[in-house]
Amino acid sequence: MKTELCSSYTSREMRNNSEQMSLSVESSKFFNGASDDVVSLNTSASVVTCDAEKVLITPEWWMSKYLPSYSAERMFKFNNPNSYNWANNLLAGLAILFYGYDQGVMSQVNLNEDYLKLMGIYPTMGNSRNLAALGGIVSVYYGGSLIGALLGGSIADRSGRIAAIILGVIVSIIGAIFQASAMNITWMCCARIVTGLGVGAIDAVIPVWSSEVSPHQARGGFLAIEFFLNISGLSLAYWIEIFASMNHNQVMAWRTPLALQVVFLLAILALVPFFPESPRWLAKVGRVSEARTVLQATRKDGVEAELGAIMRSVMHDQQHAENNSYLRMLFPRTKSQRELQWRVVLSVWLQIMQELVGIGVITVYAIDLIQGAGFSQGEAKLLAGFNNLSYMFSVLFAVFTLDRFGRRSTMVWGAAGMALLLLIGGILDKYAQAGGPNQRAYGAGVVTMTFLYTGTFGATWLVTPWLYPTELFPTYVRAKGGAWSVVGWSIGNGIVTMITPFLFQAIEYGVLLLLFGLNIFVIPFIIFMYPETSGRPLEQIDDFFSNATSWNVFTASKQIQEQGFTNYRWTRKYHGGIEQSNTSSMTQVIGDGDAERHGWANKLRRRASDAGLM
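Since we're looking at a predicted model, the values are computed, not measured. (Residues numbered from 1 in each chain as written. Predicted model: local features only at pLDDT ≥ 70, side-chain atom pairs only at ≥ 80, totals over all residues. Heavy atoms only, no water.)

**Remarks on the overall build of the protein**
Broken down by element type, the protein carries 30 helices and 0 strands. Going through the 614 residues of the protein one by one, you find that 55% of them count as buried. In the protein, of all internal contacts separated by at least 6 residues, the share reaching a separation of at least 24 is 78%. When the accessible surface of the protein is summed, it comes to about 25400 Å², and 64% of that surface belongs to carbon and sulfur atoms. (Helix = DSSP H or I, 4+ residues; strand = E, 2+ residues; numbered from the N terminus. Buried < 20%, exposed > 50% of the residue type's maximum accessible area, 1.4 Å probe, protein only. Contact = heavy atoms within 4.5 Å. Areas by Shrake-Rupley, 256 points an atom, 1.4 Å probe, with all protein chains shown as cover.)

Next up, the structure:
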């Protein structure tokens, strides 16, 4: 049976491969003396065995034996794969909840008078030096997360996803302890950088680990849960700080929320060692029997078929091993590396645009915004807290918007809607800050626009920049692709949090009008640069980058069509099957007739449809 399935190999070649696979890692690059991984008498595993014999195994990093990592004997045992998948994704959700908490924890710490005096930056009002220092303390965290993401992605490829997560958690614990015990601004900045290093690694690896451990059909539903927990963490930090601020001991009011970061991290650290490693990484380093065990624990059926697909994917990865480098992804030499550079730019720029549309300004400095609209600090705190709660529930709409309308349409209409809300909010804020008898009414309008803005962002822009890279990058650089995504997030957040304190004092209501302009600014980039990935299998996405040369997605679609591809409409959501070219012509004829009878409206509607916006 084995000979039939592996007809491309002679029996002599198979015997040689079996002998090679029985050698240890020290004497060979093949399987770690685990010939039982590939010499299987089970008929259903024969194809996997055949593929495994062709695989040149990637050796584990020499440091791996010194790092805490996954163990098959320690892994949790569940009777039902569904239970295991829920457990896996709840762990991922806990990590993402911590990430949300960590994002929101500084919002009210920055208002604590004891903290500001201890850091030597009191008062901030009207003092440009202190304002710069306040923004700097917040933004240095993102410098750490940028470096941590790159390190985390590299360790995840070399020593496994679990090892990278554990290291990220340990570093984050050290940083959180130093933050909670900080006695001066230098201490606090160093602590923020260390925490950023750990959080960057966690953020880069957790989405990759979750997607590789979860079955394909379960990922969409769990995605909404994970991001719901992300904003839950941000909201939780906010409300904890509201109650902490009621404490007469103002020292504890800011140190307690920072110290509570350790609680989340210890919970993650206690649980992670008992969870499965990515089956794809296990197969890559030759631990095929362990990969099969993980798949059997997390899949209802189709284990051998999926394992066979993983083995073939590993063989494909080996052909592009020279591309799996941060340096070559950024500074390419070959065509395939230039294709990866294209994907890196799209991924990083999308994360930066996510911050440019203003969510960091609104969530971190919501209290300042609402106070400026005429509310007391106590009222502003409560309203900002309720805004975070509504933001949390708005994320659930992303499940329907992303899958129903596609990535491009969701982001374009989301940015357009947020721009309109920010324009109205900026105009109302101008009159609210002018005072007078109607100040309260104008202020209420500003708060309403703020609520609607964060809700729109949660339903449209929150999830997409994190989902898009998982669809954009090929499997062999997925961990590093996730790291590049966090790099873009770090750059965007770092810039925004650094300059926002200046903006609120320098241009006041103009901050919302500036964000209105930035939302309009990002729309052309989405329309012209970003291909629609919704519904597309990975192979089609590879076809796009391999056969198109133009970064204009409309031109690229024409280039792909001219090369004979039947699935070439990369501006629109893919619904499966063949995209007939005559459909376009028919639509154009009908559209032109409508345009003559009904004018520019139908012509505009047709253009929007061609762009995938309707």
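**Quick word on the packing of aromatic side chains**
For the structure shown, the criterion picks out 27 aromatic pairs. Each ring, one from Phe544 and one from Phe545, has its centre 5.1 Å from the other, and the planes form 90°; the classification is edge-to-face. Residue class for Phe544 comes out buried when judged on its relative accessible area of 2%. Feature note: the residues Phe76, Phe78, Tyr84, Trp209, Phe274 and Phe275 constitute an aromatic cluster, connected by ring pairs. The ring centre of Tyr122 lies 5.3 Å from the NZ or CZ of Lys117, which sits over that ring. (Phe/Tyr/Trp six-rings, centres within 6.5 Å; stacked < 30°, edge-to-face > 60°. Lys NZ or Arg CZ within 6 Å of the ring centre and 35° of its normal.)

**Quick look at unusual backbone geometry**
With omega at 0°, the peptide bond leading from Tyr122 into Pro123 counts as cis. Along the chain, Pro123 turns up in the loop between helix 6 (113–119) and helix 7 (128–159).

**What to know about helix 28 (residues 553–562)**
Along an α-helix, residues three or four positions apart point the same way, because every turn accommodates 3.6 residues. The set of residues buried in helix 28 consists of Val553, Ala556, Ser557, Gln559 and Ile560. In an axial view of helix 28, the angular spread of the buried residues amounts to 160°, which keeps them on one side of the axis. In helix 28, those exposed residues whose orientation departs by more than 90 degrees from the buried face are Lys558 and Glu562. Measuring from the side-chain oxygen of the N-cap residue of helix 28 to the backbone nitrogen of Phe554 gives 2.9 Å; that N-cap residue is Asn552. In the segment just after helix 28, Gly564 is the residue with positive phi, at about 95°. (Arc of directions from axis to C-beta. Polar contact = N/O pair within 3.5 Å; in protein donor to acceptor, adjacent residues only side chain to side chain.)

**Describing the side chain of Ser394**
Along the chain, Ser394 falls in helix 20 (residues 377–394). Residue classification places Ser394 among the buried residues on the basis of a relative accessible area of 6%. Excluding anything up to four places from it in sequence, Ser394 contacts Thr454, Gly455, Gly458 and Ala459.

**Quick word on the environment of Val357**
Considering the arrangement of structural elements, one finds Val357 in the loop between helix 17 (335–356) and helix 18 (359–364). Apart from the residues lying within four places of it in its own chain, the contact partners of Val357 are Met418, Leu422, Tyr453, Phe457, Asn519 and Val522.

**A look at the state of the cysteines**
Counted under the stated rule, the structure contains 0 disulfides. The cysteine Cys189 is free of any disulfide, with Cys190 supplying the nearest cysteine sulfur at 7.0 Å. (Disulfide = S-S within 2.5 Å.)

**Here's the deal with the nonpolar core**
With 138 residues, the main nonpolar core has Tyr115, Trp209 and Trp461 as its most contacted residues. Looking at which element gives the most residues to this core, the answer is helix 4 (residues 81–104), with 10 residues. In this view, Tyr115 contacts Met106, Val109, Asn110, Ile137, Met188 and Trp254; residues no more than four positions away in its chain are not counted. (Core = buried A, V, L, I, M, F, W, Y, C linked by side-chain atoms within 4.5 Å.)

**Side note on the pattern of salt bridges**
Under the counting rule described, the total for this entry stands at 11 salt bridges. A salt bridge links Glu306 to Arg299; the nearest nitrogen and oxygen atoms lie 2.9 Å apart. No difference in accessibility class separates Glu306 from Arg299, as the two residues are buried. Across the pair Asp542 and Arg343 runs a salt bridge whose closest N-O atoms are separated by 3.2 Å. On the criterion of sequence distance, the pair formed by Asp542 in helix 27 (residues 538–547) and Arg343 in helix 17 is long-range, its members being 199 residues apart. (Salt bridge = Lys/Arg side-chain N within 4 Å of Asp/Glu carboxyl O.)

**What about the confidence of the model for the protein?**
Taken over all residues, the pLDDT of the protein has a mean of 82, while the share at 70 or more is 82%. Taken as a whole, residues 1–47 scores under 50 in pLDDT and shows 64 contacts with residues more than four places along the chain or in a different chain. Predicted confidence for residues 580–593 stays below pLDDT 50, and this span has 10 contacts to residues more than four positions away or in other chains. (pLDDT = per-residue confidence, 0-100.)

**Section: the packing of helix 21 (residues 398–405) against helix 22 (residues 407–433)**
Relative to each other, helix 21 and helix 22 sit at 120°, their axes nearing to 6 Å. Taken together, the axis directions place helix 21 and helix 22 in an arrangement best described as oblique. Along the contact surface, helix 21 presents Thr401, Leu402, Asp403 and Phe405, while helix 22 presents Arg407, Ser409 and Thr410. Residues of the contact of helix 21 with helix 22, tallied by class, amount to 2 nonpolar, 3 polar and 2 charged. (Axes fitted to C-alpha atoms, helices over the stretch in contact; angles between N-to-C directions. Parallel < 35°, antiparallel > 145°, perpendicular 65-115°, else oblique. Nonpolar A, V, L, I, M, F, W, Y, C, P; charged D, E, K, R; others polar.)

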